[in-house]
Amino acid sequence: MNLKMNSILGLTFVAWCAPLAYANTTITEAEVKAAQDAWGKALIQISSDYEKSGLEKAKTTAKTVLDTAYGYNITPVLFKPTLATGAQTFRPTYQGALSYFVGDDKNFPADTGFALKGWIAYDYKNAAVYINGDMALTMGHVMLRDKNGKVTTVDKSWGFKKDADGKLRIVLHHSSLPYQPQ
């Protein structure tokens, strides 16, 4: 405990104060890479759960991923999924993100469940990583391989922020298919 003295209007007050605990909010590149690795493992797990145990298990896993990896509990997430279009291109809500990953939501009728596509392998290659205190941004490619061996490459940008508990959260997730000139 610390002794703290304050003087107000000529009177001195003495108080005992416990030292404040400070969370380290500075993000490291290793934390960013760990978050990217965890995202890929989670996507594969959702896909595996769907193949082995069906939609409800995949949905439960997807909810856990959204609860632990994304920042929907602290802010709207700037989420632009790869295969979304029209009025539902952007998914700043938890419900919209869940529907994109596993479908089965009448409010998002075009969603078929991106995470249910039989993904078995994941890799990424960052073109650049920018870190500024409790925020980090990445941009690069994500490569996904499905159970038939087909590799899908997407352009991916992520934004990460440390929450009050010092946990990295995805607050920006932009994904698109690479431009194919005619």
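Before reading further, recall that the structure is shown in the block above.
Residues numbered from 1 in each chain as written. Predicted model: local features only at pLDDT ≥ 70, side-chain atom pairs only at ≥ 80, totals over all residues. Heavy atoms only, no water.

1. Some thoughts on the side chain of Lys 59
Then, in step 1: In this fold, Lys 59 is placed in helix α2 (residues 55–69).
Then, in step 2: For Lys 59, a relative accessible area of 14% gives the class buried.
Then, in step 3: Those residues in contact with Lys 59, other than ones at most four positions away along the chain, are Leu 98, Val 102 and Asp 104. (Helix = DSSP H or I, 4+ residues; strand = E, 2+ residues; numbered from the N terminus. Buried < 20%, exposed > 50% of the residue type's maximum accessible area, 1.4 Å probe, protein only. Contact = heavy atoms within 4.5 Å.)

2. With respect to the pattern of salt bridges
Then, in step 1: Here the structure, examined in full by the defined rule, presents seven salt bridges.
Then, in step 2: For Arg 91, the salt bridge identified is with Asp 111, shortest N-O distance 2.8 Å. With Arg 91 in the loop between β3 (78–80) and α3 (94–102) and Asp 111 in the loop between α3 and β4 (119–132), this residue pair connects regions lying 20 residues apart in the sequence.
Then, in step 3: Since its relative accessible area comes to 2%, Arg 91 is described here as buried.
Then, in step 4: Two residues, Arg 169 and Asp 163, come together in a salt bridge whose shortest N-O distance is 3.1 Å. (Salt bridge = Lys/Arg side-chain N within 4 Å of Asp/Glu carboxyl O.)

3. Re the nonpolar core
Then, in step 1: If you look at the biggest cluster of nonpolar residues, it comprises 34 residues, and the most contacted ones within it are Trp 39, Leu 43, Ile 46, Tyr 70, Phe 101, Val 102 and Phe 160.
Then, in step 2: When residues of this core are traced back to their parent elements, those giving at least two are α1 (29–53), α2, α3, β4, β5 (135–146), β6 (151–162) and β7 (168–176).
Then, in step 3: At six residues, α1 tops the list of elements feeding residues into this core. (Core = buried A, V, L, I, M, F, W, Y, C linked by side-chain atoms within 4.5 Å.)

4. Quick word on the sheet that holds β7
Then, in step 1: Within the open sheet, the five strands sit side by side as β3-β7-β6-β5-β4. Their pairing is mixed. The strands lining the two open edges of the sheet, one partner per strand, are β3 and β4. Across the sheet, the mean angle separating the axes of adjacent strands is 25 degrees when strand polarity is ignored.
Then, in step 2: Across 12 bridges, β4 lies against β5 in antiparallel orientation. By the bridge assignment for β5, Tyr 122 is matched with Leu 144. (Pairing = 2+ DSSP bridges. Axes fitted to C-alpha atoms, helices over the stretch in contact; angles between N-to-C directions.)

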